[in-house]
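Residues per chain are reported as follows:
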Amino acid sequence: MERTSFQRNLIFDIGMHHALDTRFYLNKGFRVVALEANPAMVSAAMKSLEQEIASQHLVILDRALWSSPDESISFYLNDVKDDWSSVFKSWAEKGNHPSKEIQVTTTTLNRMFDTFGIPYYVKCDIEGADEIFVRQLLADHRRPPFISVEAISLEILALLFAAGYDRIQLVNQAFNPYVTPPSPAREGVEVPVRFNGHMSGLFGLELDPAAWLSFTTAAENYLGFLHLQKRNEKLAHGWLDFHVTSSAFLKTSL
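Residues numbered from 1 in each chain as written. Predicted model: local features only at pLDDT ≥ 70, side-chain atom pairs only at ≥ 80, totals over all residues. Heavy atoms only, no water.

> Report on the packing of aromatic side chains, specifying residues and quantitative values.
Working definition: an aromatic ring pair is given by the centre-to-centre distance plus the angle between the planes. This structure, assessed with the given rule, holds 18 aromatic pairs. Here the aromatic cluster, defined as three or more aromatic residues joined through ring pairs, consists of Phe6, Phe24, Tyr25, Phe30, Tyr120, Tyr121, Phe146, Phe195, Phe203, Trp212 and Phe249. Sitting above the plane of the Tyr120 ring, Arg8 keeps its charged end 3.7 Å from the centroid. One cation-aromatic arrangement involves Lys81 over Trp84; the distance from NZ or CZ to the ring centre is 5.0 Å. (Phe/Tyr/Trp six-rings, centres within 6.5 Å; stacked < 30°, edge-to-face > 60°. Lys NZ or Arg CZ within 6 Å of the ring centre and 35° of its normal.)

In structure tokens:
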């Protein structure tokens with residue numbers, strides 16, 4: 001993976017939702033650029049995080065990640081499960097929930113890199129559009145050291161590997177409420193936190209240093225999880241995120 005200059009104190013939160021992750025990153029001392037397409041969530045975060053915005057520690061972009069910037073596209077709001085709102089109607093209406101169509105403006109990862117620089121970590125959780133993010137990352141030459149993305153397909157993991165991210169952790173999000181951050185902190189400052197199902201949890205060097213896997217092992221474990229989940233969902237409870245980095249970066253950091 002090509003070494004690129006990144007900003008050690010910068011995080012992109014793509015899919016801000018209720019800004020719980022954004023607030024966690026801010027409390028740990030990072031600057032944050034947060035992307036969110038749901039106007040109500042943008043408005044709420046701008047009010048609750050007004051001081052962080054004024055101090056220039058936080059920028060909130062009221063846009064959706066898409067294949068090209070500055071377009072007006074449909075976005076589907078799920079009022080029952082607001083974390084399922086998506087640029088894809090079928091994704092927003094999972095579980096037979098109705099959705100409401102609105103128009104939003106778009107941006108791209110390339111535009112965000114150009115405007116704000118290369119972050120240390122990108123959290124991406126954009127309900128079915130995660131592949132758009134990964135394909136844009138692969139097409140760009142710039143590489144943040146750490147990425148996390150919802151594990152919705154093996155193809156996403158393969159694209160990340162093709163981009164040079166050869167060390168992977170599979171993190172079961174359902175177990176985040178039982179996760180305790182390391183003490184002392186290995187990323188930013190130590191922050192007492194109780195993660196919930198709407199948070200992505202630990203990231204970067206605060207993940208278990210012994211749990212980084214090769215692509216082959218991670219792919220086998222991911223497919224095994226999906227297979228077991230189809231046979232008995234109670235035995236493979238929850239949903240997964242891919243956290244990725246490179247062996248070269250870990251070698252210089254651990």
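From this point, things continue past the structure.
> Account for the pattern of salt bridges, naming residues and giving values.
Scanning the entire structure with this criterion turns up 11 salt bridges. A salt bridge links Arg8 to Glu187, with the nearest nitrogen and oxygen atoms 2.8 Å apart. Residue Arg8 is found in strand 1 (residues 7-14), and its partner Glu187 is found in the loop between strand 9 (167-172) and helix 8 (215-231); the two are separated by 179 residues along the sequence. For Arg8, a relative accessible area of 38% puts it in the partly exposed group. The exposure class of Glu187 is buried, given its relative accessible area of 0%. Through salt bridges with shared partners, one network takes in Asp13, Asp21 and Lys123. (Salt bridge = Lys/Arg side-chain N within 4 Å of Asp/Glu carboxyl O. Helix = DSSP H or I, 4+ residues; strand = E, 2+ residues; numbered from the N terminus. Buried < 20%, exposed > 50% of the residue type's maximum accessible area, 1.4 Å probe, protein only.)

> How would you sum up the pairing of strand 6 (residues 100-107)? Please name residues and give values.
Note: strand 4 (residues 64-65) against strand 6, 2 bridges, orientation parallel. Residue pairing across strands places Ala64 opposite Thr106, the latter belonging to strand 6. In the sheet, strand 5 (residues 72-77) pairs with strand 6 via 6 bridges, with the strands oriented antiparallel. By the bridge assignment, Ser72 is partnered in strand 6 with Thr105. (Pairing = 2+ DSSP bridges.)

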